[in-house]
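Tertiary structure, described
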Amino acid sequence: MTSISGRERPLLNRRLAEFGTTIFAEMSALAVKTGAINLGQGFPDTDGPEAVREAAVRALRDGRGNQYPPGPGVPELRTAIAEHQLARYALSYDPDREVLVTAGATEAIAASLLALVEPGDEVIALEPYYDSYAASIALAGGTRVPVTLLPAEGRFRLDLDELRDAVTDRARLLLLNTPHNPTGTVLTRAELTEIAKLAVERDLLVVTDEVYEHLVFDDAEHIPLASFPGMRERTVSIGSAGKTFSFTGWKVGWVTASPELVSAVRSAKQFLTYVSSGPFQYAVAEALALPASYFDDFRADLRAKRDLLSEGLTAAGFDVYRPAGTYFVTTDITPLGESDGFAFCRALPERAGVVAIPNAVFYDHRDAGAPFVRFAFCKKTSVLEEAVTRLKSLAG
């Protein structure tokens with residue numbers, strides 16, 4: 001408590017009181033302290049394509065983006081985003097009125113919720129969810145309504161009846177993430193069809209976090225919700241360069257939506273960062289134009305790493321939910337005689353020399369997430385092989 005202002009009151013805004021230091025900071029510090037392999041936080045340990053990095057260097061040298069770029073984003077990137085959406089998904093967007101560049105997907109999420117949600121509005125999100133969702137909903141004054149994905153038949157599944165029951169007269173917005181972090185679930189065409197029908201029937205706005213759109217494996221397919229009947233005008237679709245091109249530090253994300261929705265999101269975004277990542281925007285414009293072989297090779301590399309880590313975790317005694325998308329694998333620790341993901345992850349660096357994240361941090365219903373632990377496989381093959389070797393000690 002403080003009396004700096006003459007009144008006893010916490011310094012931190014009460015809407016953020018439940019959000020302390022993130023688990024990522026805690027576990028990364030543990031990794032440094034113990035020398036453990038960090039499979040907790042989701043960032044690659046190698047840079048993306050050399051041609052894309054050189055495009056950023058070239059932009060810097062040419063003086064492109066070294067001063068404030070245009071508020072909506074540089075025209076080259078907005079055009080590249082629109083061309084990407086058209087080529088991959090047959091979704092047509094006007095680069096001047098329906099595309100907005102943001103400081104990563106995290107800002108896009110925050111700006112969308114701050115723009116579209118008012119105090120008292122309910123926001124429905126699929127639990128477990130990326131931790132910034134909860135904080136952004138709280139900052140907007142909304143009430144989060146979690147719908148829990150439940151494990152069944154080797155994947156985490158959405159109960160469509162539960163989703164429908166969660167929509168009350170106070171519901172304003174549905175916040176979706178597919179491919180889904182942390183579970184690796186990719187919503188199917190049948191599931192998305194029902195979600196779209198519900199959104200139209202109940203007049204819901206939808207924000208879709210699609211940052212892992214290019215990381216889908218096996219028979220899974222990423223289908224933007226905006227492509228379904230009645231959804232184009234009510235959906236804010238969010239993308240990002242970080243996960244697709246392995247330049248997470250550049251923080252280049254984007255929004256595609258109708259002019260009215262983009263205008264609303266831009267009204268909030270302009271008071272957050274205003275603009276960001278000037279030279280990197282030009283580089284990402286070139287990255288989006290890479291040939292299909294880049295995306296295919298990137299996906300194949302991550303699929304092999306997924307299989308390497310998944311098989312190693314299985315051999316170590318975990319129950320493994322092999323992901324259909326993203327670069328995370330969720331495991332169940334109960335076969336190891338464990339039930340508390342927090343305690344397990346805090347002990348794991350000393351016990352096996354590996355860092356992971358307890359999924360319970362992504363749940364409102366902490367008990368539902370208690371036995372699940374997430375590992376990232378966006379690392380060098382040699383690093384994953386060493387991690388698998390270390391984790392074998394758990395099987396004993």
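Keep in mind it's a predicted model, so treat the numbers as computed, not measured. (Residues numbered from 1 in each chain as written. Predicted model: local features only at pLDDT ≥ 70, side-chain atom pairs only at ≥ 80, totals over all residues. Heavy atoms only, no water.)

Before going further, it helps to examine the packing of aromatic side chains. Inspection of every chain in the model, using the stated rule, returns 19 aromatic pairs. Where Phe245 meets Phe295, the ring centres are 5.9 Å apart and the plane angle is 65°; that geometry is what we call edge-to-face. In this pair, Phe245 sits in helix H8 (residues 242–245) while Phe295 sits in helix H11 (residues 292–316), placing the two residues 50 residues apart along the sequence. For Phe245, a relative accessible area of 2% puts it in the buried group. Ring geometry for Tyr294 versus Phe298: centroids 5.8 Å apart, planes at 10°, classification stacked. In this pair, Tyr294 and Phe298 both sit in helix H11, 4 residues apart, roughly one turn of the helix. Of the two residues, Tyr294 and Phe298, both sit in the buried class. (Phe/Tyr/Trp six-rings, centres within 6.5 Å; stacked < 30°, edge-to-face > 60°. Helix = DSSP H or I, 4+ residues; strand = E, 2+ residues; numbered from the N terminus. Buried < 20%, exposed > 50% of the residue type's maximum accessible area, 1.4 Å probe, protein only.)

Here the UniProt feature "domain: Aminotransferase class I/classII large" (unreviewed entry) sits at residues 36–391. A helix fraction of 42% and a strand fraction of 18% characterise residues 36–391, whose end C-alpha atoms lie 11 Å from each other. (UniProt positions renumbered as here; feature names shortened; annotations may be inferred.)

Attention shifts here to the side chain of Asp209. The topology assignment puts Asp209 in strand S8 (residues 205–209). One buried charged residue, Asp209, forms no salt bridge at all, with the nearest opposite charge on Lys243 at 8.0 Å. Among residues more than four places away in sequence, those in contact with Asp209 are Ile109, Tyr133, Leu176, Asn177, Thr178 and Ile238. (Lys, Arg positive; Asp, Glu negative; His and termini not counted. Salt bridge = Lys/Arg side-chain N within 4 Å of Asp/Glu carboxyl O. Contact = heavy atoms within 4.5 Å.)

As a further point, take the pairing of strand S12 (residues 328–332). Every regular strand shows the same layout, with side chains that alternate between the two sheet faces. Within S12, 5 of the 5 residues are buried, leaving the element largely enclosed by the surrounding structure. By the alternation rule, side chains of S12 split into Phe328, Thr330 and Asp332 and Val329 and Thr331, which are all buried. The sheet contact formed by strand S11 (residues 319–321) and S12 spans 3 bridges and is antiparallel. Across the sheet, residue Val320 finds its bridge partner in S12, namely Thr331. The turn linking S11 back onto S12 is made up of 6 residues, and Thr326 within it adopts a positive phi angle of 70°. (Pairing = 2+ DSSP bridges.)

Attention now goes to the packing of H11 against helix H14 (residues 381–395). Viewed as axis vectors pointing N to C, H11 and H14 meet at an angle of 10°, and their least axial separation amounts to 8 Å. The angle between H11 and H14 falls in the class roughly parallel. Touching Lys305, Leu308, Leu309, Gly312, Leu313, Ala315 and Ala316 of H11 are Thr381, Leu384, Glu385, Val388, Leu391, Leu394 and Ala395, all from H14. For the contact of H11 with H14, a count of residues per class yields 10 nonpolar, 2 polar and 2 charged. (Axes fitted to C-alpha atoms, helices over the stretch in contact; angles between N-to-C directions. Parallel < 35°, antiparallel > 145°, perpendicular 65-115°, else oblique. Nonpolar A, V, L, I, M, F, W, Y, C, P; charged D, E, K, R; others polar.)

Moving on, we come to the sheet that holds S12. Strand order in the open sheet formed by 4 strands is S11-S12-S15-S14, and the pairing between neighbours is antiparallel. Either end of the sheet is taken by a strand with one partner, and the two such strands are S11 and strand S14 (357–358). Packing of H11 onto the sheet brings it into contact with S11, S12 and strand S15 (372–376), and relative to S12 it is tilted by some 15°.

Residues Leu114, Leu139 and Leu272 make up a contiguous nonpolar surface patch of roughly 230 Å² in combined accessible area. Of note, Leu114 is situated in helix H4 (residues 104–116). (Patch = residues over 30% accessible without salt bridge, like charges linked within 9 Å, V, L, I, M, F, W, Y side chains within 5 Å. Areas by Shrake-Rupley, 256 points an atom, 1.4 Å probe, with all protein chains shown as cover.)

We now examine the pairing of S8. Burial of S8 is extensive: 5 of the 5 residues sit out of reach of the surface. Here 5 bridges tie strand S7 (residues 171–177) to S8, and the two strands are oriented parallel to one another. By the bridge assignment, Asn177 is partnered in S8 with Asp209. Handedness of the S7-helix H7 (residues 189–201)-S8 crossover: right-handed. For S8 and strand S9 (residues 235–240), the ladder comprises 4 bridges, and the chain directions are parallel. Within the sheet, the bridge partner assigned to Val206 lies in S9 and is Thr235. (Right-handed = clockwise from strand over helix to strand, strands pointing away.)

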